[in-house]
Amino acid sequence: MEKQTREVKINQTKLAIIQGDITRQATDAIVNAANPGLMGGGGVDGAIHRAGGSAILEECKQIVAEQGRLPTGKAVITTGGNLRAKHVIHTVGPIWQGGNKGEAALLESAYRESLKLAAERNLTSISFPSISTGAYGYPVAEAARVAIKVAVSFLTEQVTSLTEVVFVLFDSRTYEAYSSALEEVV
Ligand code: ADP
């Protein structure tokens, strides 16, 4: 399934892009492109809940009961349930509304808050899907530039527990967009 791959080193951390299915990743955490209600849904969200089982949804329900809906650009962590990954970090990307509604800053925040949470928990590896570029309609070339830029700057600014950050892109078109974005910065 993982057809293509490419990687660079930033400080001590490996930053990689691969084409594949994020539910099969064995990193400490995988990131879910969730929605604010944290109740599962379509796309990668549905795939993660299906593969991980009910323990993930139970924790999501508890989080929403305690702190309410998850605002766009924020992140929370749950068990990985039956997944190979021990944890799922749920974040909410922005819905694309033409580009003048703060979408780039919100997308940047979704990635940064997820990376911060992983580092705070001392995780060593994390996988991201292409947040917001499915049902949420964010143009993939622009989203890829934001995603790669945040990862590179986060890893350049500080040394953390993270030794590996992976973008797991489902289709070749998305993979190519991230590949081009990576080429622009390294
Ligand atoms: P959003 O609502 O944030 O746009 P989607 O789940 O609709 O989230 O799409 C985000 C990206 O995740 C899309 O590129 C989609 O193709 C991709 N995707 C869907 N299933 C998987 C999966 N199992 N692994 C990795 N990426 C996936």
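Remember, it's a predicted structure, so these values are computed and weren't measured experimentally.

Cut-offs applied
- Residues numbered from 1 in each chain as written.
- Predicted model: local features only at pLDDT ≥ 70, side-chain atom pairs only at ≥ 80, totals over all residues.
- Heavy atoms only, no water.
- Core = buried A, V, L, I, M, F, W, Y, C linked by side-chain atoms within 4.5 Å.
- Buried < 20%, exposed > 50% of the residue type's maximum accessible area, 1.4 Å probe, protein only.
- Helix = DSSP H or I, 4+ residues; strand = E, 2+ residues; numbered from the N terminus.
- Contact = heavy atoms within 4.5 Å.
- Near = heavy atom within 4 Å.
- Polar contact = N/O pair within 3.5 Å; in protein donor to acceptor, adjacent residues only side chain to side chain.
- Areas by Shrake-Rupley, 256 points an atom, 1.4 Å probe, with all protein chains shown as cover.
- Nonpolar A, V, L, I, M, F, W, Y, C, P; charged D, E, K, R; others polar.
- Axes fitted to C-alpha atoms, helices over the stretch in contact; angles between N-to-C directions.
- Parallel < 35°, antiparallel > 145°, perpendicular 65-115°, else oblique.
- Left-handed = near helix turned anticlockwise from the far one by under 90°.
- Phe/Tyr/Trp six-rings, centres within 6.5 Å; stacked < 30°, edge-to-face > 60°.
- Expected span 1.5 Å × (residues − 1).
- Pairing = 2+ DSSP bridges.

A. Layout of the nonpolar core. In terms of nonpolar packing, the biggest core is built from 40 residues, with Leu 15, Ile 89, Tyr 111, Ile 126, Phe 128, Phe 167 and Tyr 178 touching the most fellow members. Here the element with the most residues in this core is helix H4 (residues 140-157); it accounts for 11 residues. In contact with Phe 167, other than residues within four places in its own chain, are Leu 15, Ala 16, Ile 17, Ile 18, Tyr 111, Phe 128, Ala 147, Ile 148, Ala 151 and Tyr 178.

B. Spotlight on the site of the ligand. In the vicinity of the ligand lie 17 residues, with Asp 21, Val 44, Ser 132, Gly 134 and Ala 135 positioned nearest. Asp 21 is positioned with one of its side-chain polar atoms (N or O) 2.8 Å from a nitrogen atom of the ligand. Measuring from an oxygen atom of the ligand, one finds a backbone N or O atom of Ala 135 at 2.8 Å. Notes on the ligand: free accessible area 560 Å², of which the protein chains cover 88%. In terms of residue count, helix H1 (residues 43-52) provides more of the shell around the ligand than any other element does, 3 residues in total. Looking at the shell around the ligand residue by residue, the classes come out as 9 nonpolar, 6 polar and 2 charged.

C. Here's a closer look at the packing of H4 against helix H5 (residues 172-185). In the contact formed by H4 and H5, the axes pass within 8 Å of each other and the chain directions differ by 50 degrees. In terms of their interaxial angle, H4 and H5 are classed as oblique. For the element pair H4 and H5, the recorded crossing hand is right-handed. Contact residues: H4 offers Val 140, Ala 141, Ala 143, Ala 144, Arg 145, Ala 147, Ile 148 and Val 152, while H5 offers Arg 173, Thr 174, Ala 177, Tyr 178, Ala 181, Leu 182, Glu 184 and Val 185.

D. Region of interest: the packing of aromatic side chains. Taken as a whole and assessed by the stated rule, the structure comprises 5 aromatic pairs. Look at Trp 96 and Tyr 138: their rings are 4.7 Å apart centre to centre, the planes differ by 55 degrees, and that puts the pair in the tilted class. Taken together, the residues span a long stretch of sequence, with Trp 96 in the loop between strand E5 (87-91) and helix H3 (103-120) and Tyr 138 in the loop between strand E6 (125-128) and H4 at a distance of 42 residues. Judged by relative accessible area, which is 25%, Trp 96 ranks as partly exposed.

E. Region of the structure containing H4. Look at H4: 26 Å from first C-alpha to last across 18 residues, which is about the 26 Å you get at 1.5 Å a residue. Where H4 is concerned, the buried positions are Val 140, Ala 143, Ala 144, Val 146, Ala 147, Ile 148, Val 150, Ala 151, Val 152, Phe 154 and Leu 155. Packed against the buried residues of H4 are strand E1 (5-10), strand E2 (13-19), H3, strand E7 (164-169) and H5.

F. Main features of the sheet that holds E2. Pairing is mixed across the open sheet formed by 7 strands, whose spatial order is E1-E2-E7-E6-E3-E5-E4. Strand pairing shows two members of the sheet lacking a second neighbour, E1 and strand E4 (75-79), which therefore form its edges. Mean inter-strand twist for the sheet, computed between neighbouring axes without regard to direction, equals 20 degrees. Pairing geometry for E2 and E7, over 6 bridges, is parallel. Paired with Ala 16 across the two strands is Val 166, which belongs to E7. Against the sheet, helix H2 (residues 54-67) makes contact with E4 and E5, and its axis sits at roughly 140 degrees relative to E4, the strand it touches most.

Coordinates in, geometry out; function isn't part of it.
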